[in-house]
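Structural description and commentary
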Amino acid sequence: MTALTKAELAEKLFEDLGLNKREAKDMVDLFFDEIRDSLSRNEQVKLSGFGNFDLRDKRQRPGRNPKTGEEIPISARRVVTFKPGQKLKVRVEAYAGSQSQH
Amino acid sequence: MTKSELIEKIISRQPQLSPKDVELAVKTLLDAMSQSLSSGERIEIRGFGSFSLHYRAPRLGRNPKTGEAVDLDGKFVPHFKPGKELRDQVNDSLHDKH
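Predicted, not measured: the structure shown is a model, and the values here were computed from it.

A tally of helices and strands in chain A yields 3 helices and 5 strands. Taken over C-alpha atoms, the radius of gyration comes to 19 Å for chain A, far larger than the 13 Å a tight globule of 102 residues would show. Taking the principal axes of its C-alpha atoms as reference, chain A extends roughly 55 × 40 × 30 Å. Burial analysis of chain A (102 residues in total) assigns 36% to the buried set. Looking at chain A alone, contacts between residues at least 24 apart form 29% of all its contacts between residues at least 6 apart. Between the mean site of the 20 positive side-chain charges and the mean site of the 16 negative ones, chain A shows a separation of 7 Å.

Right, let's talk about the sheet that holds strand 5 (residues 77-84) of chain A for a bit. Neighbouring strands of a sheet are bound in pairs by backbone hydrogen bonds; such pairs are parallel or else antiparallel. All names here are of chain A. The antiparallel open sheet is built from 3 strands, whose spatial order is 1-2-5. Looking at the sheet topology across the chains shown, the edges are occupied by strand 1 (45-47) and strand 5. Across the sheet, the axes of successive neighbouring strands diverge by a mean angle of 25°, strand direction being ignored. Two strands pair when backbone bridges link them, and strand 2 (residues 51-58) and strand 5 are joined in this way by 8 bridges, in the antiparallel orientation.

Attention shifts here to helix 2 (residues 21-40) of chain A. Residues and elements named next belong to chain A. Taking 1.5 Å per residue, 20 residues should reach 28 Å; helix 2 reaches 28 Å between its end C-alpha atoms and fits that length. The element helix 2 is largely enclosed, with a buried count of 14 among its 20 residues. Of the residues flanking the start of helix 2, the one acting as N-cap is Asn20, its side-chain oxygen 3.0 Å from the backbone nitrogen of Arg22. Of the residues one or two after helix 2, Asn42 is the one with positive phi, at around 60°.

What follows covers unusual backbone geometry. Of all residues except glycine, most have a negative phi; of all peptide bonds, most are trans. In this structure, A:Asn42 takes a positive phi of about 60° despite not being glycine. Residue A:Asn42 is classed as partly exposed on the basis of its relative accessible area of 37%.

Glancing now at the packing of helix 1 (residues 3-13) of chain B against helix 2 (residues 19-38) of chain B. Residue and element names in this part refer to chain B. Relative to each other, helix 1 and helix 2 sit at 130°, their axes nearing to 9 Å. The orientation of helix 1 relative to helix 2 falls into the category oblique. In this structure, the crossing between helix 1 and helix 2 has a hand that is right-handed. Contact residues: helix 1 offers Lys3, Ile7, Ile10 and Ile11, while helix 2 offers Pro19, Val22, Glu23, Val26, Lys27 and Leu30. Counted by class, the contact of helix 1 with helix 2 contains 7 nonpolar, no polar and 3 charged residues.

Conventions we followed
- Residues numbered from 1 in each chain as written.
- Chains lettered and ligands numbered in written order.
- Predicted model: local features only at pLDDT ≥ 70, side-chain atom pairs only at ≥ 80, totals over all residues.
- Heavy atoms only, no water.
- Helix = DSSP H or I, 4+ residues; strand = E, 2+ residues; numbered from the N terminus.
- Rg over C-alpha atoms; globule rule 2.2 N^0.38 Å.
- Buried < 20%, exposed > 50% of the residue type's maximum accessible area, 1.4 Å probe, protein only.
- Contact = heavy atoms within 4.5 Å.
- Lys, Arg positive; Asp, Glu negative; His and termini not counted.
- Charge placed at Lys NZ, Arg CZ, Asp CG, Glu CD.
- Pairing = 2+ DSSP bridges.
- Axes fitted to C-alpha atoms, helices over the stretch in contact; angles between N-to-C directions.
- Expected span 1.5 Å × (residues − 1).
- Polar contact = N/O pair within 3.5 Å; in protein donor to acceptor, adjacent residues only side chain to side chain.
- Parallel < 35°, antiparallel > 145°, perpendicular 65-115°, else oblique.
- Left-handed = near helix turned anticlockwise from the far one by under 90°.
- Nonpolar A, V, L, I, M, F, W, Y, C, P; charged D, E, K, R; others polar.

Shown next, in the form of C-alpha cells:
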C-alpha cells in the first residue's frame, strides 16, 4: 500500500477545507516545522487524541562496528520517542481486528 | 507544546489564514494521519519521520485485580521513526547546551 505524504495531506486541506494549493502546502510545512522546532528546543509536544512526542537523553554506551568488530563508544545523544494516545491506539487496534477476520 | 499552543504558533506565522481555519486545518491533518494509520497505511514525511504499524503477537495476559489468566489477541500498535533531519536537529540541541 502507498504511504500518506505531505502532498496528500495538502490535497486533503484543499479538498476538505477549500484552502488554495499554496496555503495548503504552507500549512502542512508549518505544521511539521513547528513540531520539529519545539522538539529541537527540548520541548515535548503533546497532541491530544494523537500522541506525545517525548525527548530522552541517552548516556554514552559501548558499541561495536558490525563490519570490523572494533569497539567504538556510542556517544551521548538526545532522541525523540512517540507515545501514541489512547484514541489512536484504539483506532489502530481495530485495524488488527479487521485483519484477523478474513 | 500542546495542540492549542501549536495552533497559536502557526497562526502567528500564517497571516493568510484566519485562526479558525488554522485550527480546523490542524485538526484535519491529525485526523487524516490517524485515519491513515488505522486503515493500515504508513505515513512518510520527509525530514520529519515515518509512522507505521508494528505487530504485537497474541499472548497470555493476566487480570491484575483477580490474577486470572486472559488470552490477549495479536494487535497492531503505532510506531514512529524520526527522520534524519529531526534526529540531527534534536541531537544538536543536546550539544548546544554544553
